Every structure is written in structure tokens, then in C-alpha cells.
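Structural overview for review
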Amino acid sequence: MAAPAPLPIPGSETPDPSFGDLLAARPALAMDPLAGLMVEEVPLARIAAAVGSPTWVYSAGTLRRRARMLKDALAEAGLDASIHYATKANPALAVVNLLAQEGLGADVVSEGELRGALAAGVPASGIVFSGVGKTDREMRLAIAEDILQLNIESAEEAEMLSAVAASLGRKARVALRVNPDVDAKTHAKITTGLTENKFGVPIATAPELYARLCALPGLDPVGLTVHIGSQIAQGIGSYRAAYQRLGELVRELRAAGHPVHRVDCGGGLGITYRDEIPATPAALAGAIKAGLGDLGVKIMMEPGRWIAGPAGVLLTRVIVEKHATTRRFVIVDAAMNDLLRPAMYEAWHGILPVSPSAFRAPLSPADVVGPVCESSDTFTKARDLPPLPPESLVAILDAGAYGASMSSTYNARPLAAEVMVEGARFSVIRDRQSYDALLAGQRLPSWTEGQNPG
Ligand SMILES: *Cc1c(COP(=O)(O)O)cnc(C)c1O
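Residues numbered from 1 in each chain as written. Predicted model: local features only at pLDDT ≥ 70, side-chain atom pairs only at ≥ 80, totals over all residues. Heavy atoms only, no water.

A closer look at helix α7 (residues 155-167)
With 13 residues, α7 extends 19 Å between its outermost C-alpha atoms, agreeing within 8% with the 18 Å of an ideal straight helix rising 1.5 Å per residue. Within α7 the residues assigned to the buried category are Glu 157, Ala 158, Leu 161, Ser 162, Val 164 and Ala 165. Angular distribution of buried residues about the axis of α7 spans 165 degrees; they occupy a single face of the element. Summarising the contacts, the buried residues of α7 are in contact with α6 (136-144), β8 (149-152), β9 (172-179), α8 (206-215) and β11 (219-225). Where α7 terminates, the next one or two residues include Gly 169, which has phi positive at roughly 70 degrees. (Helix = DSSP H or I, 4+ residues; strand = E, 2+ residues; numbered from the N terminus. Expected span 1.5 Å × (residues − 1). Buried < 20%, exposed > 50% of the residue type's maximum accessible area, 1.4 Å probe, protein only. Arc of directions from axis to C-beta. Contact = heavy atoms within 4.5 Å.)

A few points about unusual backbone geometry
Backbone torsion omega between Ser 53 and Pro 54 reads -5 degrees, so that peptide bond is classified as cis. Assignment of secondary structure puts Pro 54 in the loop between α2 (44-51) and β4 (55-59). Phi angles above zero are rare outside glycine, and Glu 346 is one such case at about 55 degrees. You can see Glu 346 is positioned in the loop between α12 (341-345) and β16 (351-353). Residue Glu 346 is classed as exposed on the basis of its relative accessible area of 70%. With a phi angle near 55 degrees, Tyr 402 is a residue other than glycine that sits in the positive phi range.

Description of the packing of aromatic side chains
One pass over the structure, following the stated rule, counts 2 aromatic pairs. With a centroid separation of 5.4 Å and an interplanar angle of 35 degrees, the aromatic rings of Phe 19 and Phe 359 are classed as tilted. On the criterion of sequence distance, the pair formed by Phe 19 in helix α1 (residues 19-24) and Phe 359 in helix α13 (residues 356-360) is long-range, its members being 340 residues apart. For the pair Phe 19 and Phe 359, a shared accessibility class is recorded, and that class is buried. Ring centres of Tyr 239 and Tyr 243 lie 5.8 Å apart, and the angle between their planes is 25 degrees; on these two criteria the pair is classed as stacked. Of this pair, Tyr 239 and Tyr 243 both sit in helix α9 (residues 237-255), separated by 4 residues, roughly a single helical turn. Residue Tyr 239 is classed as buried on the basis of its relative accessible area, which comes to 2%. Under the relative-accessibility criterion, Tyr 243 is labelled buried at 1%. (Phe/Tyr/Trp six-rings, centres within 6.5 Å; stacked < 30°, edge-to-face > 60°.)

Describing the UniProt feature "modified residue: N6-(pyridoxal phosphate)lysine" (unreviewed entry) in the protein chain
UniProt's entry tags Lys 88 with the feature "modified residue: N6-(pyridoxal phosphate)lysine" (unreviewed entry), counted in the numbering of this structure. Within the fold, Lys 88 resides in the loop between β5 (81-86) and α4 (93-101). Of the residues examined, Lys 88 reaches a relative accessible area of 34% and is grouped as partly exposed. (UniProt positions renumbered as here; feature names shortened; annotations may be inferred.)

Description of the site of the ligand
Lining the immediate surroundings of the ligand are 14 residues, of which Lys 88, Ser 230, Gly 268, Glu 302 and Tyr 402 lie closest. Within the side chain of His 227, one N or O atom sits 3.5 Å away from a nitrogen atom of the ligand. In isolation the ligand has 390 Å² of accessible area, and contact with the protein removes 93% of it. Residue classes in the shell around the ligand are distributed as 3 nonpolar, 6 polar and 5 charged. (Near = heavy atom within 4 Å. Polar contact = N/O pair within 3.5 Å; in protein donor to acceptor, adjacent residues only side chain to side chain. Areas by Shrake-Rupley, 256 points an atom, 1.4 Å probe, with all protein chains shown as cover. Nonpolar A, V, L, I, M, F, W, Y, C, P; charged D, E, K, R; others polar.)

The following block contains the structure:
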């Protein structure tokens with residue numbers, strides 16, 4: 001029998017999806033023949049006129065629908081589960097608040113995210129603190145706020161946290177992050193489940209370490225946690241393997257007399273940027289049920305991208321179209337400092353023109369680039385696009401996760417505005433950073449006293 005054909009590598013052989021295909025797969029987007037590209041019922045041209053560009057635009061309906069789909073999938077599998085949205089995907093207070101209204105907790109990785117989740121209305125009892133390097137100060141705050149749990153990534157961290165908690169006369173609820181050594185087959189920069197990664201403890205050492213956690217005076221071990229990578233889009237196999245191994249570990253720990261009440265199944269579920277076919281929430285719930293369903297443990301999940309990614313676009317305006325000898329460059333006012341994913345991960349994002357006439361115009365290859373002084377400031381190469389004269393608007397799709405949250409001010413470019421759309425309404429949820437704010441807090445050294453500008 002012939003060997004099975006290898007899975008296609010996203011972004012390589014297959015032709016790009018058409019504008020129609022992109023729209024059909026994104027229910028919050030529509031091309032109105034008069035108003036142009038819309039998010040829900042709001043024309044993007046209207047947002048650009050009111051707020052300027054570049055601007056992140058999030059669909060409240062999409063956030064809500066995706067949160068509900070995940071909840072429903074877990075409930076239909078009969079799992080006692082809670083969802084803790086990974087706020088690093090998109091920490092906008094309005095986004096976290098909307099998801100909190102849907103009953104989601106938060107997974108945070110820094111003091112800033114912890115403060116943000118609390119400010120957005122997530123109860124401390126719904127907050128999980130993850131990450132390989134929690135500082136003493138972060139541990140203190142988490143314990144003072146009495147958050148749901150801290151996920152422990154090493155023996156050394158366990159000792160530190162126990163000491164901090166004990167000094168406060170408290171016990172910190174902790175889950176041990178186990179590295180199940182499965183290959184999630186995602187991009188090297190976002191895989192986390194292999195022993196060579198910095199995350200978690202090797203599964204073979206987990207029993208010994210869990211026993212140690214139980215013995216530490218400042219810790220209250222409640223269970224296990226796992227997170228094998230991000231943008232997992234190669235089927236359900238790696239999830240199944242991870243949860244299977246975790247289930248075996250739960251049995252082993254219990255046999256040794258240790259309490260294991262919860263398993264936090266992590267995040268990582270991928271989305272379709274181009275032609276990836278990630279697992280469905282139902283398949284993920286099935287994998288959790290198969291590995292952990294009969295243990296009577298409380299299930300937790302930490303999705304980020306899956307909820308927020310498809311909910312956002314980056315709205316940008318063409319500055320100029322540059323015709324070089326062999327290439328057409330569309331230079332837009334968004335750049336790698338706004339949306340880093342193409343430069344950092346060679347990520348593919350759908351790009352749609354906003355005006356109805358551009359949507360129907362003949363296509364030819366173009367490179368869409370930002371104004372930043374780096375060659376990697378390229379959103380796409382040789383993409384079939386219509387003529388895009390100066391002032392044309394384009395939308396870069398699926399930018400709701402790891403978009404604004406990874407932005408910088410490189411090239412002294414202010415952080416872009418963020419807008420939320422709900423039905424026919426829109427609201428600025430974060431002002432465009434002002435130039436005053438960009439310079440704020442800077443001064444010349446003290447020894448040049450009296451010569452400070454301004
Ligand atoms: C980043 C992260 C997540 C969320 O990952 P997504 O790919 O956005 O779902 C969840 N848990 C942990 C520990 C993370 O580091």
C-alpha cells in the first residue's frame with residue numbers, strides 16, 4: 001500500500017482562499033454592495049472615518065458565540081468544566097469583561113494581566129495564574145487576592161511560592177504543570193509540550209514532585225495542568241495523547257494517596273487563518289472525556305486564540321502603492337509593531353479590501369507592507385489583490401488574538417485604537433495612544449538639570 005500523502009503545509013502549495021471563501025467562513029463579516037465591508041452591521045469605512053487608522057475592530061457577537069460554543073461542547077460531553085480565557089491573547093478590558101459576563105474566568109501570566117482581569121470584573125475565584133517566572137511580588141498579589149490557583153512550573157518555583165505563602169500565613173492552591181512530551185506539530189516558536197521546552201516538569205518526575213508539593217507548608221496542591229502549544233491545527237491526536245498521559249498520572253498520584261481534584265487542560269486550539277482544519281470544540285471535549293472523563297476531576301480549560309482570534313480585524317489605510325520593476329508594494333499605515341505575527345511566525349492572514357468596487361476589481365499580485373524600517377515588516381507577499389490607490393481601506397483578518405496584545409511602539413508609532421462592534425453600534429474601547437503619552441515619563445539625566453525639554 002502506498003504511504004499516505006503528507007499533510008499539506010499551510011501557506012505553501014494550495015492556492016489562497018478567494019475573497020468569497022474568506023467571507024463565507026467568517027460570519028461576522030459581510031460585503032455590503034453599497035457600504036462595503038462590514039463587521040456585524042457596522043461598515044468599516046464608518047469606523048475609519050470616525051476613529052482613524054490603523055484600528056483594531058472586534059465583534060462582540062463573535063466573542064460571545066465562540067465562548068458559548070466551547071461551553072456547550074464541554075457540557076454536551078457531560079464534563080464538569082470551567083473556561084478560563086487566556087487574557088494574553090487579547091487583554092482589552094472590554095473583551096475580558098464581555099467574556100466574564102459569559103461566565104468565563106481568566107488565565108493570567110503577569111501582575112498586569114491579573115490586575116486587568118480583576119479590573120474587567122473577573123472574580124478572583126475564577127482566575128488562574130500561569131507562567132514560568134512569577135516574581136515574589138506577583139505571588140504575593142495572587143495570594144492576597146485569593147485567586148483560584150497558581151500553576152507551578154518547577155520544583156524551584158514551588159519552594160519559592162511555599163515560602164511566600166507561609167510568610168503570609170496562607171496556603172496557595174496550586175496545580176503542577178506537567179510536560180507530557182507530545183509534539184503538537186505547531187510552529188517551533190509556539191510549541192510548549194516537548195521536554196526541550198522551558199515549560200512544565202517532565203511527566204516522569206511529576207509523581208516525586210507532587211509528593212514534595214504536598215509536603216510543603218505553604219502549598220495546597222489541587223491538581224495538574226498541561227498546555228502543549230498554541231495554534232494546534234493538526235487534528236486531535238496530540239491532545240488525545242496528552243490527556244491520556246495525564247489521566248494515567250492522576251491514577252498514579254491517587255494510588256500514592258495524593259489529592260487530585262482538578263485537571264486544567266490548557267489552551268492551544270487552533271483557528272483557520274488560511275486553510276488549516278483545526279479540531280472542533282466537540283472533538284476537544286471528546287479527547288478530554290476519553291482521557292480524564294471517568295476520574296471525577298473538575299475540568300478547566302484556558303483557550304485564548306480560539307475565542308478571540310476570529311473576532312478581530314486590523315483596519316488599515318493604504319498610504320501609497322509603489323510599483324517597482326518586478327513587484328507591486330501596497331504600503332499601509334499598519335505595521336509589524338501593530339500586528340507582529342507575520343514577521344515573527346511567518347503567519348498568513350486573510351486580507352480584504354473594504355470598498356465594494358475594489359472587491360470586484362481585477363486582481364494582481366502585491367506585497368502588503370508597513371512603513372517600519374525592517375524588511376520583515378511585510379504582511380504578505382505576492383497576494384492577489386485589486387488596485388489599491390492611496391486612502392483605500394483594507395482589513396487584515398483574524399487579528400483578534402496576539403494582535404494588539406503583542407503590539408509595540410517601535411519606530412515611535414503610537415499604539416492603535418481598539419473598537420468593539422455590537423450589532424449596528426460601535427464603541428472605542430481603547431483610545432489611540434497620543435504622542436504626549438508616547439513621550440510621557442521620559443526625561444534627560446539628572447545631571448543635565450535645567451536643560452530638560454518641555
Ligand atoms: C498562551 C497560553 C494559553 C492560551 O493559548 P492559546 O493558544 O491562545 O489558546 C493557555 N495556557 C497557557 C499556560 C498559555 O501559556
